[in-house]
Amino acid sequence: EMFGQLTSGLENAWNKLKGEEVLTKENIVEPMKDIRRALLEADVSLPVVRRFVQSVSEEAVGVGLIRGVKPDQQLVKIVRDELVKLMGGEVSELVFGKSSPTVILLAGLQGVGKTTVCAKLANYLKKQGKSCMLVAGDVYRPAAIDQLVILGEQVGVPVYAEGTDVKPSEIARKGLQEAKRQNVDVLIVDTAGRLQIDKGMMDELKDVKKVLNPTEVLLVVDAMTGQEAAALVTTFNVEIGITGAILTKLDGDSRGGAALSVKEVSGKPIKLVGRGERMDDLEPFYPDRMAGRILGMGDVLSFVEKAQEVMRQEDAEDLQKKIMSAKFDFNDFLKQTRAVARMGSMTRVLGMIPGMGKVWGTRFRFCGYVIATEKYGLCAASVSVRLLTLEASNGYGIHNQTEEREKPELLAESAVRRKRIAQESGKTEQQVSQLVAQLFQMRVRMKNLMGAMEGGSIPALSN
Ligand code: GDP
């Protein structure tokens, strides 16, 4: 699991708040120590950790009591928002030049995955319909040129190479000429990697940059190097001026320090991340998704936001009332399933929820989590509807039965009615009975989930 250690470190913080009523200056002291420790262990740079802990603390003490929201959940939300901010907020897109070709210059130390990134990036852009060309500018390692040629072939992108006897700036100039001649959209230029930064490397990069006038200068850094990666980005930016970073090897057991420090330390965004050795393993860096992953909640939060967009406020309040009074009926059921349908397929929605499909306990915990954040209550309701009922509702004829839609009791009480619905919807009586039983179970469960009074009853189906 990516950043697993960081995730479990942060869990200590939430756990210390269990049973508290509200976040206070006093009760966040220990959780904040856990957060600090978790970040330091993840190799986030100390000044970043200090600032982070300070802003989270200030936020936390300021939020006060929100009905229905538990303090640990409040803290999760605050930490999440701060993590997103720390990583730059929005996704930072690649910029394309006004005239072709757009030139992307790649720099980086040896072994970070720079050559691989060249080909991955070409592959990525090709999928967006852009034609690309690679330039082999790493003249100190013949093997690097061969590797680039092989990878270029693999992804179906031409590679401009001159061997090792020509100056990198000269290769760059000729490569650019060739790209113009062939009218390619994007020229990706590989440069020499050294084992460590030295003046020769920087001077050479400056020369190449001058020749190319690139739209993007991206430093490739290895996520395994933690905060060192952030320091490198700073140095390269000061020395040659860069537009962003590409973080590689996020699939390994990197601890998170690089992802969390680069933007804050260097002021430059991470634009792309590499997550494996295959040519497809390159993707944009999404701070919000990353934060979700770090908190071990998958994309629950963005799912919640999406759910909110889909649901109208009056529906939400109406539904909440119904749930609290255990009056949830088939009409609500339909509304919910439609809302879920608008959010995308259920598999996708469920896929965003970690640990889903395990046991009821997990599902309820998720529902409880979301419900407790009050305004999100609705989304949890819609999820539980789908979880607790059969996949398809439409086939059960509940579209047509106005009376029975509002009063599911009628169906519980009358086998005749159930039989009629079974006939009309082409289902078996047993399936209809199941659906009815599940609605009542749902009422009880949802009510319990909402933290309301105990109980509610599940009426037995009479014959
Ligand atoms: P360069 O010296 O910077 O050009 O590095 P290379 O592109 O030759 O990559 C060095 C090694 O790292 C190779 O074995 C790559 O397969 C591997 N590598 C590159 N990117 C990734 C990544 O995102 N994940 C993993 N697991 N390995 C990677």
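Just so we're clear, the structure is a prediction, and the values are computed from it rather than from any experiment. (Residues numbered from 1 in each chain as written. Predicted model: local features only at pLDDT ≥ 70, side-chain atom pairs only at ≥ 80, totals over all residues.)

Some remarks on the overall build of the protein
Next, step 1: Scanning the protein for helices and strands turns up 21 helices and 8 strands.
Next, step 2: For the protein, the residues scored as buried account for 45% of the 463 residues in total. (Helix = DSSP H or I, 4+ residues; strand = E, 2+ residues; numbered from the N terminus. Buried ≥ 20, exposed ≤ 12 C-beta atoms within 10 Å, placed from the backbone.)

Considerations on the sheet that holds strand β8 (residues 282–284)
Next, step 1: Here we have 8 strands laid out as an open sheet, ordered β3-β2-β4-β1-β5-β6-β7-β8, and mixed in their pairing. The outermost strands of the open sheet, each flanked by one partner alone, are β3 (159–160) and β8.
Next, step 2: Where strand β2 (residues 132–135) lies against β3, 2 bridges are found, and the strand directions are parallel. Bridging across to β3, V135 finds its partner in Y160.
Next, step 3: Sitting on the sheet, helix α5 (residues 114–127) touches β1 (102–107), β2, β4 (186–189), β5 (216–222), β6 (244–248), β7 (270–274) and β8, and the angle it makes with β2 is about 170°. (Pairing = 2+ DSSP bridges. Contact = placed C-beta atoms within 7 Å. Axes fitted to C-alpha atoms, helices over the stretch in contact; angles between N-to-C directions.)

So, the environment of L148
Next, step 1: Mapping L148 onto the fold places it in helix α6 (residues 142–155).
Next, step 2: On the basis of neighbour count, L148 is assigned to the buried category, with 25 C-beta atoms found within 10 Å.
Next, step 3: The sequence separation of L148 and Y160 amounts to 12 residues, and the corresponding C-alpha distance is 9.6 Å.
Next, step 4: If we ignore the near neighbours within four places in the chain, the residues touching L148 are T115, C118, L134, A136, V159 and D190.

Quick look at the site of the ligand
Next, step 1: The immediate surroundings of the ligand are formed by 19 residues, with G113, K114, T115, T116 and G274 found nearest.
Next, step 2: The biggest single contributor to the shell around the ligand is α5, with 3 residues.
Next, step 3: Of the residues that constitute the shell around the ligand, the class distribution is 2 nonpolar, 11 polar and 6 charged. (Near = placed C-beta within 6 Å. Nonpolar A, V, L, I, M, F, W, Y, C, P; charged D, E, K, R; others polar.)

Observations concerning the UniProt feature "domain: SRP54-type proteins GTP-binding" (unreviewed entry) in the protein
Next, step 1: The sites that carry the UniProt feature "domain: SRP54-type proteins GTP-binding" (unreviewed entry) are, in the present numbering, residues 269–282.
Next, step 2: Secondary structure across residues 269–282 divides into 0% helix and 43% strand, with the first and last C-alpha atoms of the span separated by 16 Å. (UniProt positions renumbered as here; feature names shortened; annotations may be inferred.)

Brief notes about unusual backbone geometry
Next, step 1: Looking along the chain, the bond that leaves S100 and enters P101 is cis, with omega of -10°.
Next, step 2: When you line up the elements, P101 lands in the loop between α4 (71–86) and β1.
Next, step 3: In this structure, K249 takes a positive phi of about 60° despite not being glycine.

Considerations on the pairing of β6
Next, step 1: Of all 5 residues in β6, 5 are buried; the element is thus mostly enclosed.
Next, step 2: Every second residue of β6 is oriented toward a common face, with G244, I246 and T248 on one face and A245 and L247 on the other, all of them buried.
Next, step 3: Where β5 and β6 come together, 5 bridges link them in parallel fashion. Paired with V220 across the bridge in β6 is I246.
Next, step 4: Considered for its hand, the β-α-β crossover made up of β5, helix α9 (residues 227–240) and β6 is right-handed.
Next, step 5: Pairing analysis gives 3 bridges linking β6 to β7, with the strands arranged parallel. (Right-handed = clockwise from strand over helix to strand, strands pointing away.)

Points about helix α8 (residues 199–212)
Next, step 1: An ideal rise of 1.5 Å per residue puts 20 Å on 14 residues; α8 measures up with 20 Å between its terminal C-alpha atoms.
Next, step 2: Looking at α8, one finds that the buried residues are M201, E204, L205, V208, K209, V211 and L212. All buried residues of α8 lie within an arc of 160° about the axis, which places them on one face of the element. In α8, those exposed residues whose orientation departs by more than 90 degrees from the buried face are K199 and D203.
Next, step 3: Where the residues of α8 are buried, they touch β1, α7 (168–181), β4, β5 and α9.
Next, step 4: Of the residues one or two after α8, N213 is the one with positive phi, at around 45°. (Expected span 1.5 Å × (residues − 1). Arc of directions from axis to C-beta.)

Things to note about the environment of E153
Next, step 1: One can find E153 in helix α6.
Next, step 2: Exposure remark for E153: the 12 C-beta atoms within 10 Å place this residue in the exposed category.
Next, step 3: Sequence-wise, E153 and A119 are 34 residues apart; in three dimensions their C-alpha atoms are separated by 9.2 Å.

So, α5
Next, step 1: Here α5 contains 14 residues, and its C-alpha end-to-end distance of 20 Å stays within 8% of the 20 Å for a straight helix at 1.5 Å per residue.
Next, step 2: Along α5, the residues that are buried comprise K114, T115, T116, V117, C118, A119, K120, L121, A122, N123, Y124 and L125.
Next, step 3: Directly after α5, the chain includes G129, whose backbone phi takes a positive value near 85°.

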